[in-house]
Amino acid sequence: MSTLVFLEAADDLGLQALTFARRLDPAVEVVAVGDAPQVSATVHVAEIDGYAPQAWARAIASLNPTTVIAAGTDRGNEVLAHAAVMLNGVFAANVIAADGDQVTRQRWGGSLLEQARVHGDVKLMTVAPHTVAIEEVAGDPTVETFTPPLEDADLVARVVERVETSTGGVSLADAPVVVSGGRGLGSAEGFAPLEELAGLLGGVVGCSRAVTMAGWRPHTDQVGQTGTKIAPDIYIPVGISGATQHMAGCKGAKKLLAINSDPEAPIMATADYAVIGDALEIVPAITAELRRVRA
Ligand SMILES: Cc1cc2nc3c(=O)[nH]c(=O)nc-3n(C[C@H](O)[C@H](O)[C@H](O)COP(=O)(O)OP(=O)(O)OC[C@H]3O[C@@H](n4cnc5c(N)ncnc54)[C@H](O)[C@@H]3O)c2cc1C
């Protein structure tokens, strides 16, 4: 086997990775765990219960690929790092282009592009999220189920329990509208108007790291390099300066409306629209206007 794509799911990031892989090798095959993703390819489905990064990597390694590609998600990066060790391969994360041994990849949350040469007989790459336009290929999967040769140590780190947070059914990563708050809101209570606005727009509330560090919101709400990567139709950062590490998480947003009291805030460089002023006045005013026009 030559090129293998590790697909967590046939979601946007998975299909971006598959598109990237097909451009390198049209005969690419897929490896998955649990449910077979509905894509037009030979899909090797490993029988493993739940998330166990080293066991998932063992499944990949047992197929003896020479190139492995996955989406640049937390899991994609974690699993491929383990697989690289097992295959004695070379791993490049957050790649946006590859040609032979040459790769171009994002560093520092996307603020730097690095061109590097990947030395080694086995190459592993994750694809930087939202850098590849999906090209669908019609057809059903040809599913081949297999049991990877797991060692006890492969299952030491695994998910044993899952506790869902209550977000009304829409996750931060998938929400079409995200209204995020930053230090500029001044307190945890400052998020109440954002909750109201997000609710009216059918969206969810996110935040910056300054907010999670202050304990105003849980880490699950954090957008950014060390938080969730989002790709909403519209992103509304409120009282957020636009630090590189924050912007790394919202690059996929189609439109950005910044609300900030500082017209010189770095976020203005990326904003499609901006409202300059006090968030605690502007957000309730937008909400009131939305209610008025919808009444
Ligand atoms: C390794 C590393 C990883 C990181 N990962 C992340 C990450 O994943 N996500 C992340 O967000 N950060 C991350 N950070 C932190 C990041 O560098 C910034 O410190 C953080 O994003 C700043 O948060 P903020 O914009 O809320 O606060 P600030 O930078 O303090 O900005 C506050 C903004 O609010 C505005 N403001 C003030 N009062 C008002 C008002 N009344 N109305 C309207 N606007 C107002 C100000 O003009 C300012 O622009 C990381 C840092 C490091 C070193």
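Being a predicted model, the structure only gives us computed values, none of them experimental.

Caption draft 1: Structural view of the sheet that holds strand S9 (residues 142-146). The nine strands lie next to each other as S7-S6-S5-S8-S4-S1-S2-S3-S9, forming an open sheet whose pairing is mixed. The sheet terminates laterally at strand S7 (112-117) and S9, the two strands that pair on one side only. On average, each strand axis in the sheet is inclined to that of its neighbour by 35°, with strand direction left out of account. As judged from the four bridges shared by strand S1 (residues 3-6) and strand S4 (residues 67-71), these two strands associate in the parallel manner. By the bridge assignment, leucine 4 is partnered in S4 with valine 68. The sheet strands contacting helix H2 (residues 53-61) are S1, strand S2 (29-33), strand S3 (42-46), S4 and S9, and the helix crosses S1 at an angle near 155°.

Caption draft 2: Fine view of the site of the ligand. In the vicinity of the ligand lie 25 residues, with Arg183, Ser208, Thr226, Ser241 and Asn260 positioned nearest. In the environment of the ligand, an oxygen atom lies 2.9 Å from a nitrogen or oxygen atom belonging to the side chain of glutamine 222. Glutamine 225 has a polar backbone atom sitting 3.0 Å from an oxygen atom of the ligand. Bound to the protein, the ligand loses 74% of the 990 Å² it would expose on its own. Among the elements of the structure, helix H5 (209-213) and helix H6 (244-247) are those that each provide at least two residues to the shell around the ligand. Residue composition of the shell around the ligand, grouped by class: six nonpolar, 15 polar and four charged.

Caption draft 3: Local environment of the side chain of arginine 217. Looking at where arginine 217 falls in the secondary structure, it is placed in the loop between H5 and strand S12 (234-238). Residue class for arginine 217 comes out buried when judged on its relative accessible area of 16%. Here the side chain of arginine 217 touches glutamate 195 through a polar contact of 2.9 Å, side chain to side chain. Of the polar contacts made by the side chain of arginine 217, one reaches the side chain of aspartate 221; its length is 2.9 Å. The contact partners of arginine 217, leaving out residues within four places of it in the chain, are Phe191, Glu195, Val205, Cys207, Val211 and Thr212.

Caption draft 4: Representation of the sheet that holds S12. Sheet architecture is open: five strands sit in the order S11-S10-S12-S13-S14, paired in parallel fashion. Here the strands that pair on one side only, and so sit at the sheet edges, are strand S11 (204-207) and strand S14 (273-276). Strand-to-strand, the axes of this sheet are offset by a mean angle of 20°, without reference to chain direction. Note that strand S10 (residues 177-181) and S12 share five bridges and pair parallel. Within S12, the position partnered with valine 178 by the bridge is tyrosine 235.

Caption draft 5: Local environment of the nonpolar core. With 25 residues, the main nonpolar core has Phe6, Ile60, Val79, Leu80 and Leu124 as its most contacted residues. Of all the secondary structure elements, the ones that give two or more residues to this core are S1, S2, H2, S4 and helix H3 (74-87). Other than its neighbours up to four places away in sequence, phenylalanine 6 contacts Val31, Trp56, Ile60, Ile69, Ala70, Ala71, Gly76, Val79 and Leu80. In this structure, Phe20, Ala21, Val45 and Ile69 belong to the second largest nonpolar core, which totals 24 residues.

Calculation criteria
- Residues numbered from 1 in each chain as written.
- Predicted model: local features only at pLDDT ≥ 70, side-chain atom pairs only at ≥ 80, totals over all residues.
- Heavy atoms only, no water.
- Pairing = 2+ DSSP bridges.
- Helix = DSSP H or I, 4+ residues; strand = E, 2+ residues; numbered from the N terminus.
- Axes fitted to C-alpha atoms, helices over the stretch in contact; angles between N-to-C directions.
- Contact = heavy atoms within 4.5 Å.
- Near = heavy atom within 4 Å.
- Polar contact = N/O pair within 3.5 Å; in protein donor to acceptor, adjacent residues only side chain to side chain.
- Areas by Shrake-Rupley, 256 points an atom, 1.4 Å probe, with all protein chains shown as cover.
- Nonpolar A, V, L, I, M, F, W, Y, C, P; charged D, E, K, R; others polar.
- Buried < 20%, exposed > 50% of the residue type's maximum accessible area, 1.4 Å probe, protein only.
- Core = buried A, V, L, I, M, F, W, Y, C linked by side-chain atoms within 4.5 Å.

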